[in-house]
Amino acid sequence: MRMNRFLTGAALAALAGCGILYGALSIPSLAAQSYPVAQRATGKRDLTVRFLGTATLAFDDGTTAIMTDGFFTRPSVAQVLLGKVQSDDRVIDKTLARIGPQNLAAIFVAHSHYDHAMDSAAVAVKTGASVYGSASTANIMRGAGLPTERTTVFEDGDTYAFGTFRVQVFETPHSPHAKFPGKIDEPLHQPARISEYQEGGNYSFLVTHGKRRILVIASGNYTPGKFQGVKADVVFLGIGTLGKQDEAFASNYWHETVEQTGAKLVIPIHWDDFMRPLDQPFRPLPRLLDNFDNGMRMLLPLAARDGVKLRLPEAFAPIDLDQ
Ligand SMILES: [Zn+2]
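The following refers to the structure shown. On a predicted model such as this, the values are computed, not experimentally measured, just so you know. Residue positions are counted from 1 within each chain, in the order its sequence is given. Where totals are concerned, whole chains, interfaces and linings use all residues; where local detail is concerned, this predicted model gives features only for residues with pLDDT of at least 70, and gives and counts side-chain atom pairs only at 80 or more. Neither water nor hydrogens contribute to the side-chain values; these are computed over all heavy atoms in the structure.

This part covers the coordination of the zinc ion. Six octahedral donors at a metal ideally form angles of 90 or 180 degrees, and four tetrahedral donors ideally form angles of 109.5 degrees. In this structure, His111 (NE2), His113 (ND1) and His174 (NE2) serve as the protein donors to the zinc ion, at separations of 2.1 Å. For Na, K and Ca the donor cutoff is 3.2 Å, while for all other metals N, O and S atoms must lie within 2.8 Å; water is not among the atoms, so some sites may look incomplete. Taken in sequence order, the residues that donate to the zinc ion follow the motif H-x1-H-x60-H. Each member of the pair, histidine 111 as well as histidine 113, is classed as buried. Residue exposure (1.4 Å probe, protein chains only): buried if accessible area is under 20% of the type maximum, exposed if over 50%, otherwise partly exposed.

Looking now at the sheet that holds strand β6 (residues 151–153). One open sheet holds the 6 strands; their spatial order is β1-β2-β3-β4-β5-β6, and the pairing between them is mixed. If you trace the sheet from one side to the other, it starts and ends with β1 (48–51) and β6, each paired once. Each strand axis lies, on average, 15° off the axis of its neighbour in the sheet, ignoring direction. A pair of strands is treated as paired once DSSP finds two or more bridges between them. Working definition: helices are DSSP H or I runs of at least four residues, strands are E runs of at least two. Numbering for both runs from the N terminus. Here strand β4 (residues 104–108) runs beside strand β5 (residues 130–133); their pairing, made up of 3 bridges, is parallel. Bridge assignment links isoleucine 107 to a residue of β5, and that residue is valine 131. Comment: axis = line fitted to C-alpha atoms, over the contacting stretch for helices; angle = value between 0 and 180 degrees taken between N-to-C directions.

Structurally, aspartate 273 can be placed in the loop between β12 (265–269) and α8 (292–306). Here Asp and Glu are counted as negative and Lys and Arg as positive; His is not counted, and neither are the chain ends. What makes a salt bridge here is a side-chain nitrogen of Lys or Arg within 4 Å of a carboxyl oxygen of Asp or Glu, nothing more. The side chain of aspartate 273 is buried and forms no salt bridge, while arginine 276, the nearest opposite charge, is found at 4.9 Å. Within polar-contact distance, the side chain of aspartate 273 engages the backbone nitrogen of methionine 275 at 2.9 Å. Any pair of N or O atoms that falls within 3.5 Å is considered a polar contact. Within protein, one atom must be able to donate a hydrogen and the other to accept it, and sequence-neighbouring residues count only if both atoms are side-chain atoms.

Here we come to the pairing of strand β7 (residues 159–162). The side chains of a regular strand alternate, first on one face of the sheet and then on the other. What you see with β7 is a clean split: Tyr160 and Phe162 sit on the buried side and Thr159 and Ala161 on the side with no burial. Here β7 pairs with strand β8 (residues 165–171) via 4 bridges, running antiparallel. Paired with alanine 161 across the bridge in β8 is arginine 166. Where β7 folds back on β8, the antiparallel hairpin that results is connected by 2 residues, among which glycine 163 adopts a positive phi of roughly 55°.

This part covers the pattern of salt bridges. Across all of its chains, the model carries 11 salt bridges by this definition. Here aspartate 306 ties to arginine 305 by a salt bridge, and the two come within 2.8 Å at their closest N and O atoms. Beyond isolated ion pairs, a larger network of salt bridges with shared partners links Asp46, Arg212 and Asp322.

A few words now on the pairing of β1. Bridge analysis of β1 against strand β2 (residues 57–60) gives 4 bridges, and the strand direction is antiparallel. The partner of threonine 48 across the bridge, within β2, is aspartate 60. Adjacent in sequence and paired antiparallel, β1 and β2 are bridged by 5 residues, among which glycine 53 carries a positive phi angle near 95°.

In this description, a nonpolar core means a group of buried Ala, Val, Leu, Ile, Met, Phe, Trp, Tyr and Cys residues linked to one another through side-chain atoms lying within 4.5 Å. Counting 100 residues, the largest nonpolar core has Phe59, Phe108, Tyr114, Phe236, Leu237 and Trp254 as its most contacted members. Ranked by residues supplied to this core, first place goes to α8 with 6 residues. The contact rule is simple, with two residues in contact once any of their heavy atoms fall within 4.5 Å. If we ignore the near neighbours within four places in the chain, the residues touching phenylalanine 59 are Leu47, Thr48, Val49, Thr64, Ala65, Ile66, Phe165, Val207, Ile214 and Val216.

The next point concerns the side chain of aspartate 61. Position of aspartate 61 relative to the elements: it lies in the loop between β2 and β3 (65–68). Of the buried charged residues, aspartate 61 lacks a salt bridge, with arginine 166 as the closest side chain of opposite charge at 9.2 Å. Of the polar contacts made by the side chain of aspartate 61, one reaches the backbone nitrogen of threonine 63; its length is 2.8 Å. Among the polar contacts made by the side chain of aspartate 61, one reaches the side chain of histidine 209 at a distance of 2.8 Å.

Bringing unusual backbone geometry into the picture now. In this model, glutamine 190 is joined to proline 191 through a cis peptide bond whose omega is 0°. As for its position among the elements, proline 191 is in the loop between β8 and β9 (203–209). Positive phi, close to 55°, is recorded for histidine 270, a residue that is not glycine. Turning to its location among the elements, histidine 270 is positioned in the loop between β12 and α8. For phenylalanine 316, which is not glycine, the phi dihedral falls at a positive 70°.

So, on to the sheet that holds strand β11 (residues 234–238). Spatial ordering of the open sheet is given by β7-β8-β9-β10-β11-β12-β13, a layout of 7 strands whose pairing is mixed. Edge strands, defined here as strands with exactly one partner in the open sheet, are β7 and β13 (309–310). Across 5 bridges, the pairing between β9 and strand β10 (residues 212–217) is antiparallel. Across the sheet, residue leucine 206 finds its bridge partner in β10, namely leucine 215. Running over the sheet, helix α7 (residues 247–261) touches β10, β11, β12 and β13 and is turned about 165° from β11.

Written out as structure tokens, the structure is:
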């Protein structure tokens, strides 16, 4: 009994310590406010794209919708460090009601880390969508009870069609030095520790809709020549931990994704602190995990040099794709 009490006390102290440390290190980079922000789309449009945090994007043309990742739960730092995490039905319901995707056909999962794949099954169950991802992602879907026939294991180069949408899959590396680089070999049941969400390979997506070509790169890394011959108007560029890399890496990343595809609009994604709930204003990841300002500092001159608009997305707002 006394031991139990001691353990509870120790756990609480550790929790409080984590909270204080995290709080101190997560003093928001206020400069986020001073970076150029993407214009909102207004009026009637052929395609609506919204940024919903991390690498989650919702595409909707009024007839068909598709999504990347679909991660909404965003467990707190205490849950992530000390316990197990699981999809939060209430948060997912609230978020889906807010964005209201009609006819969500597909969810494309970039990789199997929890901040990408944890909620994909719940979103699929609630909307009727199917999930497309790696074999590891399929095991997360299986463990979460999504019927097997609603999950497709994709491979590099595969292309899928949903209404006017076409999605092409490109295998690209995860950002450097990531934790949990392994695979998930059996159904993963929630709740689970974040270490159980092993990466399972990483993928980028070229979403084509009519004349529009939009490249989504969830994780900040590149394979030289991977997008040679691929054209895109807009790149949603994952910049998580980019600020911890050097100038040469940032410049190569930009070259292999933006210059190579000729995109004229770049929207950084996966820069927000995903241990804060979705209904609070987005803030960059804490310094302990990333250096958002340094990432932006390296990218802005490259954008200026190439005449590319680099614009931070506003959460939930329809993005003007023609700005
Ligand atoms: Zn990851």
